[in-house]
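# Coordinates in review
Below, each chain spelled out in residue letters.
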Amino acid sequence: MAINLVKGERVEIGLSKLKVEMGWKVNPNAQPPYDLDASTFLLRANGEIGVEEDFVFYGSNKTVQAKDDNGNLMFKDGKPVMRPISADGSVLGSVDDLGDDDDNTGEGNEEIEIDLSRTNQLINEIIFTASIYWRKGEPSERYNFGQVRNAYILIRDAVSGEDICRYDLDEDFSTAKGVEFGRLYRRNGAWKFEAVGIPYADGLEPICRKYASRFM
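This text gives an overview of the structure that appears in the document. (Residues numbered from 1 in each chain as written. Predicted model: local features only at pLDDT ≥ 70, side-chain atom pairs only at ≥ 80, totals over all residues. Heavy atoms only, no water.)

The strand order across the open sheet built from six strands is β2-β16-β15-β12-β4-β5, with neighbouring strands paired in antiparallel fashion. Lying at the two open borders of the sheet, with one neighbouring strand each, are β2 (10-13) and β5 (55-56). In the sheet, strand β15 (residues 178-187) pairs with strand β16 (residues 190-200) via nine bridges, with the strands oriented antiparallel. Within β16, the position partnered with Gly 178 by the bridge is Tyr 200. With respect to the sheet, helix α1 (residues 204-211) is in contact with β4 (36-43), β5, β12 (125-132), β15 and β16, its orientation differing from that of β4 by roughly 5°. (Pairing = 2+ DSSP bridges. Helix = DSSP H or I, 4+ residues; strand = E, 2+ residues; numbered from the N terminus. Contact = heavy atoms within 4.5 Å. Axes fitted to C-alpha atoms, helices over the stretch in contact; angles between N-to-C directions.)

Okay, structure coming up:
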């Protein structure tokens, strides 16, 4: 059974292969429709990414073809389905637009695969965030996490499938368009997870300024 965390709580992760699930529920009848995108940052000692590929998101430059649960390469409409991947290959980002709200209920989730045994020794933290996609001046600009329900992050053993810990974001994020859900961090050779819950009013951009400023 997963350990239920509250904001600021930490738990030691004694495994190397993990699946990180980030989920939420949006209004399926909203016009225009909206959804959230997950992004991951692999940070070095200075608190920022060291190479551009360590910002793992739907628009990443470095990608690999996705595989299904049976190890078969995935295709959609005859084209390969690609997943973003970190420079060291330890973080495999979510598949954009696959698995999100495919039954029109507003339920969405994105899954990130982590192999800590492959993580570059220069990496001290792995940050997990989600943000609402919007362009300035468009109707979707009015959306924020006040229209998002049941947001959570779940850490799972990728080998056994057992849930390790979960953090439900039940705080009031009604002015935020982006949220830092949680982080894995390395201390004395061991990895721990912390439930973070930091809101960002302007979505992904201020998160990028914080963790990837040299590449903006």
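Moving on, we get to the side chain of Arg 183. Within the fold, Arg 183 resides in strand β15. For Arg 183, a relative accessible area of 11% gives the class buried. Of note is the side chain of Arg 183, whose polar atom sits 2.8 Å from the side chain of Glu 125. A distance of 2.6 Å separates the side chain of Arg 183 from the side chain of Glu 194, its partner in a polar contact. Those residues in contact with Arg 183 that lie beyond four places of it in its chain are Arg 10, Glu 125, Ile 126, Ile 127, Phe 128, Lys 192, Phe 193, Glu 194 and Val 196. (Buried < 20%, exposed > 50% of the residue type's maximum accessible area, 1.4 Å probe, protein only. Polar contact = N/O pair within 3.5 Å; in protein donor to acceptor, adjacent residues only side chain to side chain.)

On inspection of all chains with the given rule, the structure shows five aromatic pairs. Centroid distance Phe 41 to Phe 55: 4.6 Å. Interplanar angle 10°. Geometry classified as stacked. Placement of the pair is Phe 41 in strand β4 and Phe 55 in strand β5, with a sequence separation of 14 residues. Judged by its relative accessible area of 10%, Phe 55 is buried. Ring pairing ties together the aromatic residues Phe 41, Phe 55, Phe 57, Tyr 58 and Tyr 211, which thus form one cluster. Sitting above the plane of the Tyr 152 ring, Arg 166 keeps its charged end 4.1 Å from the centroid. The positively charged end of Arg 183 is found above the aromatic ring belonging to Tyr 185, 4.2 Å away from the centroid. (Phe/Tyr/Trp six-rings, centres within 6.5 Å; stacked < 30°, edge-to-face > 60°. Lys NZ or Arg CZ within 6 Å of the ring centre and 35° of its normal.)

Before going further, it helps to examine the environment of Gly 182. Within the secondary structure layout, Gly 182 lies in strand β15. Residues Gly 182 and Val 196, spaced 14 residues apart in sequence, show a C-alpha to C-alpha distance of 4.6 Å. Once you skip the residues sitting within four places of it in the chain, Gly 182 turns out to touch Ile 126, Ile 127, Phe 128, Ile 153, Phe 193, Glu 194 and Val 196.

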